[in-house]
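If you want the building blocks of each chain, they are given just below.
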Amino acid sequence: MTTPTDDLVRRARTGDAEAWRALYRAHAGRLVVWLGTRPTGDAAVSADDVAAEAWLVAARRIAEFDGDDEEFAGWLFGIARRVGLNLHRRSARRGTTPTEAPPETSHHEGPEESRVAIDWARQVLQRLPPRERDVVACTEVVGLDVATTAQALGISAVAVRVARHRGLRRLRDKPDLAGVRPPP
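Below is a summary of the structure that appears in this document. (Residues numbered from 1 in each chain as written. Predicted model: local features only at pLDDT ≥ 70, side-chain atom pairs only at ≥ 80, totals over all residues. Heavy atoms only, no water.)

**Observations regarding the overall build of the chain**
This is how the line gets drawn: Strands are runs of DSSP state E lasting at least two residues, helices are runs of H or I lasting at least four, and both sets are numbered from the N terminus onward. Burial status follows relative accessibility: with a 1.4 Å probe on protein chains alone, a residue under 20% of its type maximum counts as buried, one over 50% as exposed, and anything between as partly exposed. Two residues qualify as a contact provided that any one of their heavy atoms is within 4.5 Å of a heavy atom in the partner residue.
Scanning the chain from N- to C-terminus turns up eight helices and zero strands. Each helix (α) and strand (β) of the chain, taken in turn from the N terminus, gives the series α-α-α-α-α-α-α-α. The buried share among the 184 residues of the chain stands at 40%. Across the chain, the fraction of contacts at a sequence separation of at least 24, relative to all contacts at a separation of at least 6, is 68%.

Below, the structure is given as structure tokens:
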């Protein structure tokens, strides 16, 4: 049975601009937030840059995608992960990592409390090993389900559940998080 979201993906495959706008509105914010938790290897490349490249790749490859809107999120996040990894390898190969990171700019409009919460979440997540950080960011920060997270990260659903459990336990039991104060 076809649902309205399945129709969005089908229409996006045919180049329907309104369908692309709807997909973008549904996933762009979460994608940028998630990418903000992942290192790019180059301080001159922001999460917005990686997300923009991922959307371009998705637009070029939408005809190859065979799934509904639920699967589209995992597919898009997987593309973004690979784009980020490619940028990281490229910057390492070229030696383009600046000695000092540029000041972080907010990609969110809104009250200061929102920015403080994002900064706090980023600080806490950076204390986790990479796989646990990625899984916790996908499931707890961005709100992806286990199957979508597994597709996005290119790992099994079991590995997602294990990494999520370990990451959350590590955060709960970590005594040095006392120095990182949660937002009000």
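Here the narrative resumes, following the displayed structure.
**What about the packing of aromatic side chains?**
Applied cut-off: Within 6.5 Å between ring centres, the rings of Phe, Tyr and Trp (the latter by its six-membered ring) count as paired, and their orientation is classed by plane angle as stacked under 30 degrees, edge-to-face over 60, tilted in between.
This model, assessed by the stated rule, comprises eight aromatic pairs. Residues Trp 20 and Phe 72 carry aromatic rings whose centres are separated by 6.4 Å and whose planes lie at 70 degrees to one another, so their mutual orientation is edge-to-face. One end of the pair, Trp 20, is in helix 2 (residues 17–36); the other, Phe 72, is in helix 4 (residues 69–94), with 52 residues separating them in the sequence. When sorted by exposure, Trp 20 lands in the same class as Phe 72, which is buried. Aromatic side chains Trp 55 and Phe 72 sit 6.2 Å apart centroid to centroid with 40 degrees between the ring planes, which places their arrangement in the tilted category. You can see Trp 55 sitting in helix 3 (residues 47–61) and its partner Phe 72 sitting in helix 4, a full 17 residues away along the chain. Comparing Trp 55 with Phe 72, the two get one shared label, buried. Three or more aromatic residues joined by ring pairs make a cluster, and in this case those are Trp 20, Tyr 24, Trp 55, Phe 65, Phe 72 and Trp 75.

**Details of the side chain of Arg 81**
Worth spelling out the cut-off: Positive residues here are Lys and Arg, negative ones are Asp and Glu, while His and the chain termini are left out of the count. When a carboxyl oxygen of Asp or Glu lies within 4 Å of a side-chain nitrogen of Lys or Arg, that pair is called a salt bridge.
Mapped onto the elements of the fold, Arg 81 is located in helix 4. Although Arg 81 lies buried, it forms no salt bridge, and the closest oppositely charged side chain, Asp 134, sits 6.9 Å away as judged by the N-O distance.

**A few points about the packing of helix 2 against helix 3**
Note the following rule: Lines fitted to C-alpha atoms define the axes here, with helix axes fitted over just the stretch in contact, and angles between the N-to-C directions of these axes take values from 0 to 180 degrees. Oblique is the label for every angle not falling under 35 degrees (roughly parallel), over 145 degrees (roughly antiparallel), or within 65 to 115 degrees (roughly perpendicular). A crossing counts as left-handed when the near helix is turned anticlockwise from the far one by less than a right angle, and as right-handed when that turn is clockwise. Three categories are distinguished: nonpolar for Ala, Val, Leu, Ile, Met, Phe, Trp, Tyr, Cys and Pro, charged for Asp, Glu, Lys and Arg, and polar for the others, with Gly belonging to the last.
It is the contact of helix 2 with helix 3, at a shortest axis distance of 9 Å, that shows an interaxial angle of 140 degrees. On the basis of their axis angle, the class for helix 2 and helix 3 is oblique. Of the two elements, helix 2 crosses helix 3, and the hand of that crossing is right-handed. On the side of helix 2, the interface is formed by Trp 20, Leu 23, Tyr 24, His 27, Ala 28, Leu 31, Val 32, Leu 35 and Gly 36, while helix 3 contributes Ala 47, Asp 48, Val 50, Ala 51, Trp 55, Ala 58 and Ala 59. When grouped by side-chain class, the residues that make up the contact of helix 2 with helix 3 number 13 nonpolar, two polar and one charged.

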